[in-house]
Amino acid sequence: MRTTRRQFLALSGGALTTAALRLDVAPAFAQNTPVKLGVLAAKAGVLAPVGESGLRGVQWATERINAAGGILGRKIELIVEEESSPKDTVERFRKLSLQDKVDAISGVISTGTGLALGPVAEEMKTIWLSWDATTQKGVEETMPKPKYSFRSTDNEAEAVMASILTARHFKGTFRTVAGINPDYSYGRDNWAAFLAIMKKYGIETQVVSELWPKLGATDFTAHVAALQQAKPDLIFSCFWAGDTPIFLKQAHAAGLTAKAKLVLTTGGGVHESLKKAFTPEGAILGYNCLYFDWAKASPLQKEFVRWHHEKFKEWPNYESDHGYFTIVAYKAAVERAAKAAAGKWPTQDAVIAALEGVEAESLSGPRRFREDHIMEATFFQGSTTHKNAYDFVTIDPVETMTTKQIQKPSGVGLYDWINSWKV
Amino acid sequence: MIRAAAGVALVALLLAMPRLAPPYPITLLLPAFAYGIALLGLNLLFGTTGLLSFGHALFVALGAYTAAWLTTRCHVMAFEAIVAVAALAAAVVAVPVGLLCVRYVKIYFSMLTLAFGMLFYSFLYKFYALTGGDEGIRVLRPSLLGRGFADLDKVGFLTGPFYYYALAMLALAALVMRRIARSPLGLSLRAIRENADKAAFVGVSVRRYRFYAFVIAAVFGAVGGTLLAVPTGLADPLLAYWTHSGNLVFMLLLGGFDHFLGPLVGAAAFIFLQDFVMSLTVYWRFVFGALLAVIVIFFPRGLLGLLPPERAA
Amino acid sequence: MLFLVAAGLQLVFGVQKILNLACGSFYALGAYVGVSAAAWALGHGLPAPLFVVALLAGGLALAVIGPPIERLLGTVYDRDESFQLLLTFALVLMLEDVIRFVWGTAPVQLGDAYLVYGRITVAGSTIPVYNLVVIAASGLIAVGMGLLLTRTRFGRIVRATAENREMSEALGVDRRRVYARVFTLGVALGTVGGALVIPATAAVSEMAIDVIVEAFAVVVIGGLGSMRGAFVGALIVGVLKAGAIATWPEVEMLAIYVVVIGVLVLRPAGLFAGAAP
């Protein structure tokens, strides 16, 4: 067998590359300094339960990755700071970036804070992987081409899914509708999306009441009274915090939930507090991106749910999954970029490029970041049932939809997109 | 003499800071300067006039929203114009509010200012189209003295030109406040605090002077608010919430309200302390509450109260 | 409910001239302790309909924090009122974290206690009987307070002290003891209020900061230091809120502050001026 010149060159080139690879790799692995990841988690106020849940997901991911040797041999070190008002959170972000010099920052739930942090991440040139905060103002993206921010699914994705389910299951059984939603962009966007989709499906609806209690309100007697007056056939609500059980309890006590159908897009955020005593069966309830009791759950999800329940005596909610995904996505991106860089620890730009379109297994199945930095995930909703071993409601049957079905594609307006559906 | 030397040394140190310290502490000094200006105003009310406002955050928020409105909706980038408009807006709001508030003293004054602050908060929160609701409005990077500094990134801008600009504004505000405190107005206000009846007897129009103090304080608050909004890049309703007003009073007390430099020391001490304690424990609010209690009970004259007393500031 | 918080605020203010920012925190503490007490009692075999007793006991027991806090405030009695106000602000900050430390951040609630007494239908709308129990309890407490203040020796002393500290002291009243008792009573009103409301809602950590603003509104509308004012003020705020929600939900919060400011401007001492400013 004759060795041609070309083959020889290719061979020696390969050998050279291998040698080079060895030389480069060795210091990177020997270095062994930890990867520093900043975390911004809400610790007080109405966001706190969800903030803690996200932090648990981050911590679990970190423990597992570190136990398995870290990212390319480097352990992850978490530096946790508090998400609070936009002003203070911006300052904490700067601290993580300038003083702790973290490699990336994971966290943030509030959309208002997200709006403030989006530009800051770009200014500080720090990768920011949001849990739940978007950089939408209304339903418009304020940062069409961000470089450093990677954000969560659209605010209104869960409303889109809940509305499709409403049309599918309740069509023809209701005409008058009422909305009671928290008084901020999330509530307003979800309600508007619901009405738009009802129209698209050709369902004649008449809005009899629109209520906007403050997020985290603890007294709904007046709202319930107003709803009783309005006598809606269907009540739509995107409550997700401690206000959800309070509203349901007071609505149930007034006999409201026995008469009206209920659509709760995001109540799964506080699913354990939705006790059977006051949460009716047959309501549409959304768990966002993680349903703890899913029969078809992956072994990974089952393991996490078990760990979470043993450690905290609580069943986890979606925010854990958001937190978990940001960490494994970062790891996957670093490894993907390292492959392209011959095993070396990649530059920040290479990590960003690799995060675009990165896929990783989250607690609720595969997830990815779209090329425009927006998360793609699977959503879980269904009809509430009392037939379970808990003292709170679960859903059966469980219906799933991916963001391909319920999130507007890149660069398209929400309502244009809805109008383009074929129903 | 010694105090003058100390003052010069302090100014020299602050001028040299961007060269001495890493960027993060510098970015923390910016809100300290901003709060310093706002507190100079609050101090005129509380320290000099004896009126405790629990609604001063209203004016800080007003300044921040002015900056937000002008930069994002009207495309006015000149920071000088923003400050001027904010000061004007504060005065316009402070005239009716002040006319009502200064009719009361002590607790009644505190409650009324708190109510006005919360009224403004609800307005910001509820009137979506105008104020952006809970999300607030973004504040874009302004130009300083006509220069945009496009070659600098935001950290470079904040720790460079904007730092010196804010420092200069603070110095200017301090000088103006010193003039006010030493003017007949300041003296009358002090007389009112000591004994309103006596002051009225010797011909001081108590209410009118209190009103002047209220409006001046509001203007300082709004100017501080504009400076505060630029590093954050956002004006949001929480700036007007009553606990923010409470924090302002806390800062003032921390520094020492009967000392001219109290506001500046208090703002800086509060911010660096918050930075430190927040990283240390999630229960930083408890630490702060305990600290406030200790100050109120044992050191009512604040950090600067530990220094030998000042002659007629 | 709001009435009880406001009544506590009124009492303390009327007598001691302290404006207590921390009354909201006492309310929140009462709610949390109420849940814990009731859950514990029900877990130990208390028949369900008696859970209110556990709630009340929890709320009342919590009043033990009254005297030490009063002593703390006592250190600044001789100074400007502003310092007392600030000290209560310090309490707000501290108690928020105490709650977080003890009960965590998740909403805490009593499962199905709310409907133990069933529901009744009045004029077409359904009302849980428990709401009536609470209204009755508030009414009883209001009457009880009225009797306490007007008919008993303690009440006379309290009113005398409110009227004129120096004079009552000269007549041999132990001011510190009266203050401690009055303050504790004020705390108890707040904590019992919090405990009573909890079956209908859930305890969340931010309730302290939110309720204080409404309690203030009630107090200002009703007139500082006036018990009757607190009652009427609470009614006005409640009706106003319900009315705003039914007609124009956008102005729910605004309406309350507008009325507050209106009252302060037109009738600075409130609709039922008790102690003159």
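Residues numbered from 1 in each chain as written. Chains lettered and ligands numbered in written order. Predicted model: local features only at pLDDT ≥ 70, side-chain atom pairs only at ≥ 80, totals over all residues.

What's the story with the overall build of chain A in this structure? I'm lost.
Check the secondary structure of chain A and you find 14 helices and 17 strands. For chain A, whose C-alpha radius of gyration is 24 Å, the value lies close to the compact-globule estimate of 22 Å for 423 residues. Referenced to the eigenvectors of the C-alpha coordinate spread, the extents of chain A come out at roughly 90 × 45 × 40 Å. The long-range fraction of contacts in chain A, counting pairs at least 24 apart against all pairs at least 6 apart in sequence, stands at 69%. (Helix = DSSP H or I, 4+ residues; strand = E, 2+ residues; numbered from the N terminus. Rg over C-alpha atoms; globule rule 2.2 N^0.38 Å. Contact = placed C-beta atoms within 7 Å.)

Can you help me understand the interface of chain C and chain B in this one?
Quoted interface sizes are often the accessible area lost when the parts come together. Facing the 33 residues of chain C at the interface are 33 residues of chain B. Among the elements of the structure, α5 (81-103), α10 (207-222) and α12 (252-266) of chain C are those that each provide at least two residues to the side of chain C that touches chain B. Here the element with the most residues in the side of chain C that touches chain B is α5 of chain C; it accounts for 15 residues. By residue class, the composition of the side of chain C that touches chain B is 26 nonpolar, 2 polar and 5 charged. (Nonpolar A, V, L, I, M, F, W, Y, C, P; charged D, E, K, R; others polar.)

Would you take a moment to explain the packing of helix α4 (residues 79-101) of chain B against helix α11 (residues 206-232) of chain B for this structure?
Between two packed helices, the angle of one axis relative to the other and the distance separating the axes together describe the packing. Residues and elements named next belong to chain B. Across the interface, α4 lies against α11 with an axial gap of 8 Å and an inter-helix angle of 145 degrees. Relative to α11, the crossing made by α4 is right-handed. The residue inventory of the contact of α4 with α11, partitioned by class, reads 19 nonpolar, 4 polar and no charged. (Axes fitted to C-alpha atoms, helices over the stretch in contact; angles between N-to-C directions. Left-handed = near helix turned anticlockwise from the far one by under 90°.)

Quick question: what am I supposed to make of the interface of chain A and chain B here?
Each partner contributes residues to the interface: chain A has 22 residues there, and chain B has 21 residues. For the side of chain A that touches chain B, the secondary structure elements donating two or more residues are β2 (76-83), α3 (86-99) and α4 (111-124) of chain A. Looking at which element gives the most residues to the side of chain A that touches chain B, the answer is α4 of chain A, with 8 residues. In the side of chain A that touches chain B, the residues fall into 9 nonpolar, 5 polar and 8 charged.

How should I be thinking about unusual backbone geometry in this particular structure?
Negative phi is the rule for most residues except glycine; trans is the rule for most peptide bonds. All names here are of chain A. The omega torsion of the bond from Asp396 to Pro397 falls at 0 degrees, within 30 degrees of zero and hence cis. Notably, Leu72 is not glycine yet its phi reads approximately 50 degrees, a positive angle. Mapped onto the secondary structure, Leu72 falls in the loop between α2 (48-67) and β2. Positive phi, normally seen in glycine, also occurs at Asn288, with a value near 55 degrees. By the secondary structure assignment, Asn288 is in the loop between β12 (284-286) and α10 (299-312).

Could you clarify how one ought to interpret the sheet that holds strand β15 (residues 375-376) of chain A in this entry?
Strand pairing within a sheet occurs via backbone hydrogen bonds; the two strands may be parallel or antiparallel. Residue and element names in this part refer to chain A. Across the sheet, 3 strands lie side by side as β13-β14-β15; this open sheet has antiparallel pairing. Two strands close off the open sheet at either side, each with one partner strand: β13 (359-362) and β15. Most of the contacts of helix α11 (residues 318-340) go to β13, to which it runs at about 145 degrees, and overall it touches β13 and β14 (365-369). (Pairing = 2+ DSSP bridges.)

For this particular structure, what's the right way to read the nonpolar core?
Nonpolar side chains tend toward joint burial in soluble globular proteins. Counting residues in hydrophobic clusters, the biggest one holds 333 residues, and the most contacted among them are Ala329 of chain A together with Ile37 and Ala61 of chain B. For this core, the leading source of residues is helix α2 (residues 23-48) of chain B, giving 16 residues. Among all residues touching Ala61 of chain B, those that are not within four sequence positions of it are Phe120, Leu124, Gly225, Leu239 and Ala240 of chain B. (Core = buried A, V, L, I, M, F, W, Y, C linked by C-beta atoms within 7 Å. Buried ≥ 20, exposed ≤ 12 C-beta atoms within 10 Å, placed from the backbone.)

I'm lost on the environment of Ala251 of chain A in this one. Help?
All names here are of chain A. Within the secondary structure layout, Ala251 lies in helix α8 (residues 243-253). What makes Ala251 buried here is the crowd of 25 C-beta atoms within 10 Å. Beyond its immediate chain neighbours, meaning those up to four positions away, Ala251 contacts Val224, Leu256 and Thr257.

Can you help me understand the environment of Glu81 of chain A in this one?
The residue Glu81 of chain A is located in strand β2 in this model. Note on Glu81 of chain A: 23 C-beta atoms within 10 Å, which makes it buried. Remark: the alpha-carbon pair of Glu81 of chain A and Gly38 of chain A, spanning 43 residues in sequence, is separated by 7.4 Å. Sequence-distant contacts of Glu81 of chain A, that is, excluding residues within four places in its chain, are made with Gly38, Val39, Leu40, Arg92, Lys95 and Leu96 of chain A together with Ser279 of chain B.

Sorry if this is basic, but what is going on with the sheet that holds β2 of chain A here?
All names here are of chain A. Taken in spatial order, the 5 strands of this open sheet run β2-β1-β3-β4-β7, and their pairing is parallel. Sheet topology places β2 and β7 (149-150) at the edges, where each strand pairs with a single neighbour. As paired elements, strand β4 (residues 127-129) and β7 share 2 bridges and run parallel to each other. Paired with Leu129 across the bridge in β7 is Phe150. Of the strands in this sheet, β3 (104-107) and β4 touch α11, which is tilted by about 160 degrees from β3.

Looking at this structure, how should I read the pairing of β3 of chain A?
As a general feature of sheets, a regular strand has side chains that alternate between the two faces. Residues and elements named next belong to chain A. Side chains Ala104 and Ser106 project from β3 onto one buried face, and the interleaved Ile105 and Gly107 project onto a second face that is buried too. Sheet topology places strand β1 (residues 35-42) next to β3; 4 bridges connect them, and they run parallel. Residue pairing for β3: Leu40 is matched across the bridge by Gly107. Here β3 pairs with β4 via 3 bridges, running parallel. Bridging across to β4, Ser106 finds its partner in Leu129.

Hey, could you run me through α5 of chain C in this one?
In an α-helix, one turn spans 3.6 residues, which is why side chains three or four residues apart end up on the same side. Residues and elements named next belong to chain C. In this model α5 runs 33 Å from its N-terminal to its C-terminal C-alpha over 23 residues, within 8% of the 33 Å that 1.5 Å per residue would give. Within α5, 18 of the 23 residues are buried, leaving the element largely enclosed by the surrounding structure. Just downstream of α5, Gly104 is the residue with a positive phi angle, here 75 degrees. (Expected span 1.5 Å × (residues − 1).)

Is there a simple way to think about the confidence of the model for chain A in this case?
Detailed reading of the predicted coordinates is not advisable wherever pLDDT falls low. All names here are of chain A. Overall, the predicted model of chain A reaches an average pLDDT of 87, with 93% of residues at or above 70. Ranking the elements of chain A by mean pLDDT puts helix α1 (residues 5-31) last, at 42, and strand β10 (residues 234-237) first, at 95. Counting contacts from residues 1-30, a segment whose pLDDT is below 50, to residues more than four positions away or on other chains yields 11 contacts. (pLDDT = per-residue confidence, 0-100.)

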